[in-house]
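Observations on the model geometry
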Amino acid sequence: MSRIAIVGSGLAGISAAKALKKRGIKPTILDVGYEIEEEIGKLVNKLGGINTSEWKQQDVEKKIYNPTLFKSKGLPKKLFFGSDYFYGSSNSFFPIKYKGSAPPLSYAKGGLSIGWGSTSLPALDCDLNKWPLNHLDFKKYYKKILLDLPFSAREDEISKFFPLYSENLLPLKLTKGNQEILKDYSNSSLLQENEVVLGQSRTLIRSHEDKNGCRYCGYCMSGCPYGSIYQSKQDLDKLIEKGEVDYLPNIYVESLSESNGKVQIYAFDHEGKKISFTFDRVFIAAGALNSTRLVLKTKQLYEAKVKLQTTLSVVHPFFRLKNIPLDWPIANTEPGLFLLYKEEKLSNNWIHTQLSTPNELVLQKLRYRPGKDFLNRSKEILLGRLVIAHTNIHSDFSNGYMLSLKKGHTGNDTLYSEQEFLKIPSKALKLVSKRLSFLGRKMGYYKLPYSQNSINSGSYHTGGTLPMKKFPKEETETNLVGNLKGLEKIHIIDSSIFPSLPATTIGMLTMANAYRIVSEIKDI
């Protein structure tokens, strides 16, 4: 049997592991594998072992602690129980120098999926126009990955354009506020608008009908102690327990080489000792930034510049004249609705807006505390009329990061990251903001004069440094199964090989593409 390795344990890596398992292969996963801090891990286990009615306020405050909510510029960071442990940064093994904001990366067991919102939509052809593949190439792989994932979704207006690809639908209960928003949409003229749809959000969250399902605690945005929100770590732990993968943590993979049909992996252990491994084939799923560094080192492309693409994000609050019932805290507080639309003055790409009634992050931002004093009563009036719109825009209209690797003369090589500041994101934000304001007014919602965007802070959706091409020419271009020139047994399978990033989230596309690559290699 072939010896196969996967580098990384995020969405792409675990999707690849499951595809290999389907082919009767037990892979070895090499991972840095950071785990949550011990004290916070105890808090997760404590809250996950009791009913929400038994939670103590002091523990809840620790869970939702997030000082980034109050920064003046950019988007706040999403944390897991107040911890940012799953976000990586420069370290002694892999030094990074930043100019501008730092693009996201992870060394955690489970990668960035530890803190994601689990929103999931397939990509359509208008958003894959730079790709050598179309939506039909992913159809069967969407179906395969969704077979054993929790999927909260329903057949609705969104299905007119975005297929569900699953029959195992267990939708979360919508809050009364979200139900009111859907009624406003149904009673508006937006139903007659071309390419404008609103419906229930699609998320990889276990619903209340599942034994490990959502408890509607009202604190979902800072992580779920019951494991209701899918993380790739959950599947990894199951694969390890069943003996279906070999998992090697504390491994910092530095570079690879290929000769005589074998792949050599060069790495450090957690003490800095150099180690190596030999495999028949390797799948690289270290995350967009880490995979790029690994490729630049492997191919000795010092000083070469590659662009790390990102999507563009903006948050707008809207005001509804009529009061919206506020279910909080008896609610799932992940975004409950998706609004999808286009702006013809910008492009033919879909724009994806996630709508939600006030959640615990908004309550913290407003420093709301239940009470009968004038200030809190005033805040309650505002909260009863507030709708939050979080919008994502295609990567063609966003700043990115220029990455380059410089050789270390006395230590390890250093990755340089320089954030772009282009004119087009500001133009795109103005057009999309105007379009969203128009759509809101049709439903009776009015945009408030406040917003936060990712122009300065960067976005959490990244990729595109090693783009797939039907006929690759450059040293940093990959073929349809993630091979670089001269490397037939090494496959890049994460979002670094995406030619562009759709606004409609990239998690589902990342999993489907990784599964596709593993499945379509004939001589594995």
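So, here is what we can say about the structure in this document.

About the cut-offs
- Residues numbered from 1 in each chain as written.
- Predicted model: local features only at pLDDT ≥ 70, side-chain atom pairs only at ≥ 80, totals over all residues.
- Heavy atoms only, no water.
- Phe/Tyr/Trp six-rings, centres within 6.5 Å; stacked < 30°, edge-to-face > 60°.
- Buried < 20%, exposed > 50% of the residue type's maximum accessible area, 1.4 Å probe, protein only.
- Helix = DSSP H or I, 4+ residues; strand = E, 2+ residues; numbered from the N terminus.
- Lys NZ or Arg CZ within 6 Å of the ring centre and 35° of its normal.
- Pairing = 2+ DSSP bridges.
- Contact = heavy atoms within 4.5 Å.
- Axes fitted to C-alpha atoms, helices over the stretch in contact; angles between N-to-C directions.
- Polar contact = N/O pair within 3.5 Å; in protein donor to acceptor, adjacent residues only side chain to side chain.

Some words on the packing of aromatic side chains
For the structure on display, the rule yields 20 aromatic pairs. When the centroid spacing of 4.3 Å and the interplanar angle of 35 degrees are considered together, the rings of Phe86 and Tyr87 count as tilted. Summarising the burial analysis for this pair, Phe86 and Tyr87 share the class buried. Plain terms: the ring middles of Tyr87 and Tyr460 are 6.0 Å apart, the flat faces sit at 40 degrees to each other, and that makes the pair tilted. Here Tyr87, found in the loop between helix H3 (57-64) and strand S3 (96-99), pairs with Tyr460, found in the loop between strand S18 (452-453) and strand S19 (462-463); they are 373 residues apart in sequence, far enough to count as distant. Since its relative accessible area comes to 35%, Tyr460 is described here as partly exposed. Each member of the aromatic cluster is reached from another via a ring pair, and the members are Tyr34, Phe93, Phe94, Tyr107, Tyr252 and Phe268. Between the NZ or CZ atom of Lys406 and the centre of the ring of Tyr416, over which it lies, the distance is 4.5 Å.

Some points on the sheet that holds strand S15 (residues 401-406)
Backbone hydrogen bonds hold the strands of a sheet together, and the pairing may be parallel or antiparallel. One open sheet holds the five strands; their spatial order is S3-S16-S15-S10-S19, and the pairing between them is mixed. Each edge of the sheet is formed by a strand with only one pairing partner; in this case those strands are S3 and S19. When S3 meets strand S16 (residues 414-419), the two strands line up parallel, connected through four bridges. Paired with Tyr98 across the strands is Ser417, a residue of S16. Against the sheet, helix H7 (residues 288-298) contacts S3, strand S10 (306-310), S15, S16 and S19, and its axis sits at roughly 40 degrees relative to S15.

Section: the environment of Asp59
Tracing the backbone shows Asp59 in helix H3. Spatially, the C-alpha atom of Asp59 lies 29 Å from that of Ser201, the residues being 142 residues apart in sequence. Asp59 has contacts with Leu43, Lys46 and Leu47, leaving out every residue within four places of it along the chain. A distance of 2.8 Å separates polar atoms of two side chains, one belonging to Asp59 and the other to Lys46.

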